[in-house]
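Results of the structural survey
The primary structure of each chain is shown beneath.
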Amino acid sequence: MSQVTVKSAQGIARRDFLKFSATVSATTGAGFSFGFFVPSMAEAADAKAAPTAQKVNAWIEIRSDETVIIKYARAEMGQGSSTSAPMLVADELEVDWKKVKVEFATAHESLAQKRVYGDMSSVGSKTIQNSHEYLRQAGAAAREMLIVAGAQAMNVPSSECVAKLGVITHTGSKKSVTYGQVAQAAAQLNPPATVTLKDPKDWKIIGQPIKRREIPDIVRAKIRYGIDTQLPGMVYAAVMSCPVFNGKVKSLDSSKVINRRGIIKVLDMGDFVAVVANNWWRAKEALKDVSVEWDVPADLAKTSSASISQFFHEGLNQAEAAVARNDGDTLGALAKADKVIEAEYFTPYLAHSTMEPMGYTGWLQGDTLEVWTSTQSPEATLAVSAAGAGVKIENVKVYQVQLGGGLGRRGGSQDFSLQGAKIAKAMSPLPVKMLWTREEDTQHDFYRPASLVKLRATQTADGHISAMHVRVSAPSILNQLLKLPLPKGIDPQAVACFSDHPYAIENSLVDYAQRNTNVPVGFWRSVGHSQNPFVRESFIDELAHAAGKDPLEFRLSMLSDKRPKDKAILLAVAKAADYSSPLPKGVFRGIAETEGYGSYTACVCEVSVNDKKEVKIHRIVVGIDPGYAVNPDNIQAQLQGSMVHGLSAIFWGEITIKDGHVEQSNFHDYRMMRLNEMPKVQTVIAPTGGFWGGVGEPTQAPLGPSLANAIFNATGTRVRSFPLKNHGFTLVKA
Amino acid sequence: MKLTINEHVHELDVEPEMPLLWALRDELDIKGPKFGCGVAQCGACTVLLNGEPMRSCSYPVSAAVGQQVVTIEGLEKNGKLHPVQQAWIDHEVPQCGYCQGGQMLAAVALLKKKPKPTDEDIDAAMTNICRCGTYARIRAAIHAVAAKGVHA
């Protein structure tokens, strides 16, 4: 039992206490125990008066008042999975969605139960992709147990009973009992050895536009993000790492600040400095006046965008490279070709810039650590926190909170958790909330890797691409960040979308020259699909134009019957965009098709560009075939949002390096799209069934190339690098 | 100093130059206004000062003395949501939600001045950054409030 109540300040409404109430019934008999949960504040108030509840299995708890608690074991950062994943459970369970309440499972609760909740990370658009089966099975198994218990209660054969909206009915006598009445009995039964999942045509909740569970709490400011954690006696930490990556503290002078109001401690943490105060602003201000001398290896301080570019170019030309795909004899075919078309494409480093900067609240009391942080991977937070604070992992609790955006920044590599746990240890037994400034967040990210790609292709007389060589020269996230060995020298993200291109090109060579630098790299929304589709689909466009073919027809001609989904989404989006109809004078379109995260996507952009290189985007039509569309309204929101995320990067996104450090620092020089720049976005959700694709990331992929292809059609300028600002293009309202 | 926040008076003893945001968040535990950039760029920290949207991360707390400060917590009155909040729910506007308190307050201020805003009015007034990219739904929600003719 752990309950923390912070007294509200005088005159403030009742929302002003944060209550992490945890109900723990440490029953071990029969294997049933109530889970540890962190309700939102509204739910915490309810929990006091909660009717008795019975856990049917790890995912499902049914209360005597028929409320159905469904556990959600991943993070919520706006992607909507904390609604769509429980929808899968609820559909099989046969309950009224209105009676469903979603509660977060926590990593420590899962650890204590042999990882009963499986992988808890929210990365790679995989919540639905990877958990649809076991979530539906959990719902179906519980339904079967409830039916058996209901039949026993009514003294009828279970084979004659059906469950609907939380009620078990005996079909012959029309007698019925509710789930709430028999949940306790059901929980005593053994789960069925096998369950049959519903035919998709029988789904009642999956596929419906279900309202996202947390939105009413968001608009009332009743949801607390990691940054909002408030604990009794809490102190606040502002931190600074060496501006040059990997630099260490050589010496530190805190004499100017240590006697200032509210300053509690200045910490030399070896590779970063922290000021702890009784208000975060005081800590942050004081940090500016702490003089730190950093120890920076001379070679690191020399790194610049120019030196990295040279290093990448060497990768394009080196003889040896790891082979990711090798169909036919590409180099032979290119050597024999009369005409070879070649091009180099570059995409820059990018920062995540989640709206909520990195932060962490840790409270180390004795050998027990409690953690509140916005994390996409609570299990990684658990492990890193234990290491950082020097306690056993069993003694750490990580409470799930809402994330102020994730975008890949808060996944497995928990640099902020390591810092936060170390600070918590230094300040124990005080609870400490660490928060990064935007500048720290921008300059100490794991950046989307820059990448340089060279493509060479030859075509037959009728334009068919007979050979294509793609050489990628770029850092490896797997090797550099995760320290994983690369199987056969390949980082799949670095060559994504090339190694698995869908086109019927008989001689196809994709190879990779790994070019790791000291700039940290990591997973950024869409990862390899945030950049490689721009390269591939722009180059395909170049080849279409070289052949004098329409870019849509050209693509269709190279998609064999083995690629029906690629073709279908391309045609669906082309149709929605009236591709065959002429556009108003001065307006031009571009098209692109991609596949990734288990889904198929396509995009058409309509633009006009004046002689001042002002780009008006008149319309974007973007479409996805995710197989099954679990929550269509949420998918639409993801499509709309991914266009904004993509356009910010395409027009302005660029992290550059000078003297070993990042040159950008805040939104004034790392620009984000604003509402007045938002073009009209038309979404096409075209589920063909039979598979479960991701939706958070794949649709950003075709945006860049379709826009660049449209700009080519409008101007004759082939854009071979982003951001567009570097080519003089600006975005103006259509 | 005395601050009037959401119609309640609070007594505070802090440096006059402390940004209003940090007085609200760390002194008074009013967490609706969020920290995003610290330099008045993103608007996550937006509050209303006498009805005008203000980026509280760059506004000294002492300057707020004598003004009516409204945070997102102050929009709901007697258990009734403000029409803007209701429209945000109806249109499923938020994704992560972090910026939305500021977005809603900016919308409230706009609708107060212009009950029937044009797209251009919305463009000019809604300058807060949303990394999730909810702009299309923000626009739709504002138009919906205006169409209902509810005095916002």
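Residues numbered from 1 in each chain as written. Chains lettered and ligands numbered in written order. Predicted model: local features only at pLDDT ≥ 70, side-chain atom pairs only at ≥ 80, totals over all residues.

**Observations concerning the overall build of chain A**
Assigned secondary structure in chain A consists of 19 helices and 30 strands. By principal-axis analysis of the C-alpha atoms, chain A measures approximately 80 × 80 × 50 Å. Relative to its 734 residues, chain A shows a buried fraction of 56%. Restricting the contact set of chain A to residue pairs at least 6 apart, pairs at least 24 apart contribute 76%. (Helix = DSSP H or I, 4+ residues; strand = E, 2+ residues; numbered from the N terminus. Buried ≥ 20, exposed ≤ 12 C-beta atoms within 10 Å, placed from the backbone. Contact = placed C-beta atoms within 7 Å.)

**Details of the domain arrangement of chain A**
Residues and elements named next belong to chain A. Along its sequence, chain A is organised into domain 1 (3–219), domain 2 (226–296 + 358–435) and domain 3 (305–349 + 447–732). Domain 1 puts 19 residues into the contact, and the matching count from domain 2 is 24 residues. With three residues, the single largest contributor to the side of domain 1 that touches domain 2 is helix H3 (residues 107–112). (Domains from an automatic or database assignment.)

**Side note on the environment of A:Ala186**
Residues and elements named next belong to chain A. On the secondary structure map, Ala 186 appears in helix H5 (residues 179–188). Residues Ala 186 and Asn 317, spaced 131 residues apart in sequence, show a C-alpha to C-alpha distance of 66 Å. Beyond its immediate stretch of four places on either side in the chain, Ala 186 contacts Val 56, Met 145, Leu 146 and Ala 149.

**Quick word on the domain arrangement of chain B**
Residues and elements named next belong to chain B. According to the domain assignment, chain B consists of domain 1 (2–74) and domain 2 (83–148). Using C-alpha coordinates to define each centre, domain 1 is positioned 21 Å away from domain 2. Taken together, the contact between domain 1 and domain 2 spans 14 residues of the former and 13 residues of the latter. For the side of domain 1 that touches domain 2, the secondary structure elements donating two or more residues are strand S3 (46–49) and strand S4 (52–55). Here the element with the most residues in the side of domain 1 that touches domain 2 is S3; it accounts for three residues. Taken together, the residues of the side of domain 1 that touches domain 2 sort by class into eight nonpolar, four polar and two charged. (Nonpolar A, V, L, I, M, F, W, Y, C, P; charged D, E, K, R; others polar.)

**What about the interface of chain A and chain B?**
At the interface, 55 residues of chain A touch 51 residues of chain B. Broken down by secondary-structure element, the contributors of at least two residues to the side of chain A that touches chain B are helix H6 (215–219), helix H7 (280–288) and helix H18 (632–651) of chain A. Top contributing element to the side of chain A that touches chain B by residue count: H18(A), with eight residues.

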